[in-house]
Amino acid sequence: MLERFEWLELAACPGPGELQAPPPPAAPPAAPLPPRLAAARTPRSAEPGLALPPRIEIVPAGGRWPLEPGALFLLRRQAEALRHAAGFDRLLCLEACHIDHLPHQHDAALRVLAQMRGRALLADEVGLGKTVEAGLVLKELLVRGLAHRVLVLAPASLTHQWQEELATKFDERFAIVREAADWSGSRLIASMDLARSTAHEADALAQAWDLVIVDEAHRARRVTTRLHRLVARLNTRHMLLLTATPVMNDMSELHALVNLLVEGHMGTPKGFLARYTEAGNPREPVNEADLRERLSQVMIRNRRGAVGLQLPPRRAGVYHLAMPAEELTLYRELTTWIKDELAACPDRGHLRLTLALLQRGLTSSPHAVAGMLGHLLAGGGVEAKHRKRLAGLRAQASALGPGRKARALAELLAWTPDAQVLVYTEFRATQEALCTHLAGLGHDVVAFHGGLDARERTEALRAFRAGARVLVSTESGAEGLNLQFCHSLVNVDLPWNPMRVEQRIGRLHRLGQRHPVTISSLCFDETIEAHVLDLLATKIRLFELVVGELDGILGELEERRGFEELVMEAWASGRDEAAVAEAFGRLGEVVVGARGRYGEGQALARRLDQALASPEACRGG
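Residues numbered from 1 in each chain as written. Predicted model: local features only at pLDDT ≥ 70, side-chain atom pairs only at ≥ 80, totals over all residues. Heavy atoms only, no water.

## Notes on the overall build of the chain
Right, so step 1: A tally of helices and strands in the chain yields 24 helices and 16 strands.
Right, so step 2: Out of the 621 residues in the chain, the part that is buried amounts to 50%.
Right, so step 3: Once local pairs closer than 6 in sequence are excluded, the contacts in the chain between residues at least 24 apart make up 76%.
Right, so step 4: Taken as a whole, the chain presents about 28,300 Å² of accessible surface, with 53% of it coming from carbon and sulfur. (Helix = DSSP H or I, 4+ residues; strand = E, 2+ residues; numbered from the N terminus. Buried < 20%, exposed > 50% of the residue type's maximum accessible area, 1.4 Å probe, protein only. Contact = heavy atoms within 4.5 Å. Areas by Shrake-Rupley, 256 points an atom, 1.4 Å probe, with all protein chains shown as cover.)

So this is what it looks like as structure tokens:
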């Protein structure tokens, strides 16, 4: 098969080397701060009714306050009055946050706190920063001492992302719940599946929470589901529901979500449909003015067009590669052994994970394969009858050099000689091989991975910002990266979890990016990587999605297993290429169906937007 570079959007994208990024537009003027927000940066000498003491007296730990109980009570009352003096007309937490928040996010947080009493449906369109809005509400409640125990419920695929963003943007450390004892913590993130499970539901319900945040809350849109019942019974003062699709099938789902926040706010389910939907058509909203008024008390929905926020376009392409004969021989032999082991040990979960990682490594680099085989042999988990064979394959991999993908990456760099490039690989061994190969060609290369300490991470990023040509990163080192100054990304290998591919893209294609972003993926044809790429690019259409949409699509998959497990099952089910292609074809149909259901939900959400379209409706709606 001939090697070729193919743009996934041929009509819109030039070929390699022809991309001419436009000069960045002038930075927009900073939005004026609300009067009280500006005032928050300078201390005021006194508040009405509060006399400042002439001096400050230091009381040693364990010492006795030099105040009578009555005076101490008055001091506490004054402190509480001061804490609430400004109400929620300004956010006190902004200086403690590490974010460049946007006006609509600031306004949303204030509305939730000042008008909705901390119970709200945040329903912004995908990509507008619902996580930031929720984080601002959370941080403000913590700063004011109005919250201590906080629970975030999210899909399992997003728990680490929440943990990362709360730490890097809001300086709040949250633990992920994994076992029953973890529920005693005060700042927790739990996957929805875990929290609603028989083993954990009682523990979640036994706690008293100050704030519960439910991400991808449309998963609780049906009142008959276990998740909806769990959320409805949680003991919490404040609650935020986050979803870009508050309705996906019919308007009864919107009623179910609002009822989780303020029971009875929209009346009974039957009364709500009778009053606010067309007779016989629960998908069509009517009585729109009244609906707007009622929803504006509990829901905020910003739209990209209304807030004037648009990301630059993407360019996505694939460099289709033919695996060299030596690498292909290694690939086929190890793939046969992996499939035999999967068939012989279908229930050994740890072994399946190891074999799946080895299979992915086969399309990354010979160095990755050699390293993993070395660990496998050293770990003693390989049967004696296989050890000689695997040792030989390891020696074979070690002798292959950097591999075809290292040379292909160098070719991509030659096509775009002036662009800084962010390169992603899943494997440290591949990263090391790429850095050595590119440095040998004269490129200024920086490595970034989870093994770097804080100083080394800072130095690596400083070098890239200062003009190093290439940053080669692994996922484990990429948490919290903001690299909007770079606008070219190369996937040397493709994770089987599409959420990780989306997270890679999100490091560049995010708020603050001013250039079109180019995403290039290296792919060996006639391997499992080609099947995975087809699922991502043509079935999910991942490279066209706004960051955040993917989870909505994956959430529509009826399978409870992870996407990676579905890929591995399809791969292992066929002994020849025809059988494998048929299995991936069936998986593709499942994915296309999920995307279609998500699209129907988006269409219904747009119809709701039309019904709410009014300057007095939900902010931005």
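## Some details on the side chain of Arg301
Right, so step 1: For Arg301, the location among the structural elements is in the loop between strand E10 (299–300) and helix H12 (304–307).
Right, so step 2: At 3.0 Å, the side chain of Arg301 forms a polar contact with the backbone oxygen of Ala244. (Polar contact = N/O pair within 3.5 Å; in protein donor to acceptor, adjacent residues only side chain to side chain.)

## A word on the packing of helix H15 (residues 366–378) against helix H16 (residues 384–398)
Think of two packed helices as two axes; the pair is described by the angle between the axes and how far apart they sit.
Right, so step 1: Where H15 meets H16, the closest approach of the two axes is 8 Å, and the angle between their N-to-C directions is 150°. By the angle class used here, H15 and H16 are roughly antiparallel. Considering the relative orientation of H15 and H16, their crossing is left-handed. Seen from H15, the contacting residues are Pro366, Val369, Ala370, Leu373, Gly374, Leu376 and Leu377; seen from H16, they are Arg387, Leu390, Ala391, Leu393, Arg394, Ala397 and Ser398.
Right, so step 2: Split into classes, the residues belonging to the contact of H15 with H16 amount to 10 nonpolar, two polar and two charged. (Axes fitted to C-alpha atoms, helices over the stretch in contact; angles between N-to-C directions. Parallel < 35°, antiparallel > 145°, perpendicular 65-115°, else oblique. Left-handed = near helix turned anticlockwise from the far one by under 90°. Nonpolar A, V, L, I, M, F, W, Y, C, P; charged D, E, K, R; others polar.)

## A word on the nonpolar core
Right, so step 1: With 139 residues, the main nonpolar core has Trp162, Leu334 and Ile540 as its most contacted residues.
Right, so step 2: Leaving out residues up to four positions away in the same chain, Ile540 has contacts with Pro498, Leu535, Leu545, Leu550, Ile553, Leu554, Phe563, Val591 and Arg595.
Right, so step 3: Ranked by size, the runner-up nonpolar core spans 41 residues in total, among them Leu153, Val214, Met266 and Leu295. (Core = buried A, V, L, I, M, F, W, Y, C linked by side-chain atoms within 4.5 Å.)

## A word on helix H21 (residues 528–539)
Right, so step 1: For H21, built from 12 residues, the straight-helix expectation of 16 Å at 1.5 Å per residue is met to within 8% by its first-to-last C-alpha distance of 16 Å.
Right, so step 2: Of the positions making up H21, those classed as buried are Ile528, Glu529, His531, Val532, Leu533, Leu535, Leu536 and Ala537.
Right, so step 3: Residue Arg541 follows H21 closely and has a positive phi angle near 60°. (Expected span 1.5 Å × (residues − 1).)

## A few points about the pairing of strand E6 (residues 208–214)
Right, so step 1: Within E6, six of the seven residues are buried, leaving the element largely enclosed by the surrounding structure.
Right, so step 2: Relative to strand E7 (residues 235–242), E6 is paired through six bridges, and the arrangement is parallel. Looking at the pairing, Ala208 lines up with Asn235 of E7.
Right, so step 3: For the crossover from E6 across helix H8 (residues 226–233) to E7, the handedness is right-handed. (Pairing = 2+ DSSP bridges. Right-handed = clockwise from strand over helix to strand, strands pointing away.)

## A closer look at the sheet that holds E10
Right, so step 1: With parallel pairing, seven strands are arranged side by side in an open sheet as E4-E5-E3-E6-E7-E2-E10. The open sheet is flanked by strand E4 (175–176) and E10, the only strands paired with a single partner.
Right, so step 2: Both strand E2 (residues 119–122) and E10 contribute to a ladder of two bridges, which runs parallel. Bridge pairing in E10 links Leu121 to Met299.
Right, so step 3: Packed onto the sheet, helix H4 (residues 130–143) meets E2, strand E3 (150–154), strand E5 (187–191), E6 and E7 and runs at close to 155° relative to E7.

## Side note on the pattern of salt bridges
Right, so step 1: The final tally for this structure, using the stated rule, is 31 salt bridges.
Right, so step 2: Between Arg4 and Asp525 there is a salt bridge, with the nearest N and O atoms lying 3.5 Å from each other. Pair noted here: Arg4 is in strand E1 (residues 4–7) and Asp525 is in the loop between strand E16 (517–524) and H21, with a separation of 521 residues, a long-range link.
Right, so step 3: With a relative accessible area of 13%, Asp525 lands in the buried category.
Right, so step 4: Several salt bridges share partner residues, and in doing so they unite Arg360, Glu426, Glu475, Asp493, Arg500, Arg504 and Glu564 into one network. (Salt bridge = Lys/Arg side-chain N within 4 Å of Asp/Glu carboxyl O.)

## Details of the sheet that holds strand E13 (residues 445–448)
Right, so step 1: Sheet architecture is open: seven strands sit in the order E1-E11-E16-E15-E12-E14-E13, paired in mixed fashion. Strands with a single pairing partner mark the edges of an open sheet, and in this sheet they are E1 and E13. Direction aside, the axes of adjacent strands within the sheet are offset by 20° on average.
Right, so step 2: With three bridges connecting them, strand E12 (residues 421–424) and strand E15 (residues 488–491) associate as parallel partners. Paired with Leu422 across the bridge in E15 is Leu489.
Right, so step 3: Along the sheet face, helix H18 (residues 428–440) touches E12, E13 and strand E14 (470–473) and points at about 170° away from the line of E13.

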